[in-house]
Amino acid sequence: MNAWWSVSVCINRSLGGKPSEPLCSRVYRQPPSRWRSIFMMLMDRAFAESAHCETIHSRWRDLSGT
């Protein structure tokens with residue numbers, strides 16, 4: 001787990017999410033909406049990675065066994 005992952009987990013936890021889930025994973029699981037699309041696009045740009053939220057969700061799912 002790197003610093004970005006830790007910060008993301010803390011943000012998600014403070015918003016009332018699962019204690020170990022990164023924010024990007026939580027957003028990825030939400031139903032399609034405008035804010036979700038905007039967030040996911042911004043994260044793709046911020047991390048220079050296409051499908052960043054999907055990738056993080058897959059990693060978290062694999063780590064948590066869910």
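It should be noted that the structure appears before, not after, this text.
Criteria and cut-off values
Residues numbered from 1 in each chain as written. Predicted model: local features only at pLDDT ≥ 70, side-chain atom pairs only at ≥ 80, totals over all residues. Heavy atoms only, no water. 1 Å grid on protein atoms, 1.4 Å probe; cavity = no way out; pocket = protein on both sides within 12 Å on 5 of 7 lines; lining within 4 Å. Points joined across faces, edges and corners; volume = space filled by probe spheres on them. Helix = DSSP H or I, 4+ residues; strand = E, 2+ residues; numbered from the N terminus. Nonpolar A, V, L, I, M, F, W, Y, C, P; charged D, E, K, R; others polar. Phe/Tyr/Trp six-rings, centres within 6.5 Å; stacked < 30°, edge-to-face > 60°. Buried < 20%, exposed > 50% of the residue type's maximum accessible area, 1.4 Å probe, protein only. Lys NZ or Arg CZ within 6 Å of the ring centre and 35° of its normal.

Remarks on the layout of surface pockets
Considered as a void within the structure, the largest pocket measures approximately 350 Å³ in volume. For the lining of the largest pocket, the secondary structure elements donating two or more residues are α1 (3–14), α2 (23–29), α3 (34–46) and α4 (52–64). If you tally residues by element for the lining of the largest pocket, the top one is α1, at 5 residues. Its residues assigned to classes, the lining of the largest pocket comprises 14 nonpolar, 3 polar and 2 charged.

Some remarks on the packing of aromatic side chains
Going through the model one piece at a time under the given rule, you end up with 1 aromatic pair. A ring pair is formed by Trp4 and Phe47, whose centres lie 5.5 Å apart and whose planes are at 85°; its orientation type is edge-to-face. Taken together, the residues span a long stretch of sequence, with Trp4 in helix α1 and Phe47 in the loop between α3 and α4 at a distance of 43 residues. Residue Trp4 is classed as exposed on the basis of its relative accessible area, which comes to 61%. Overall, Phe47 belongs to the partly exposed group, its relative accessible area being 31%. If you follow Arg36 out to its NZ or CZ, it ends over the ring of Tyr28, 5.5 Å from the centre.

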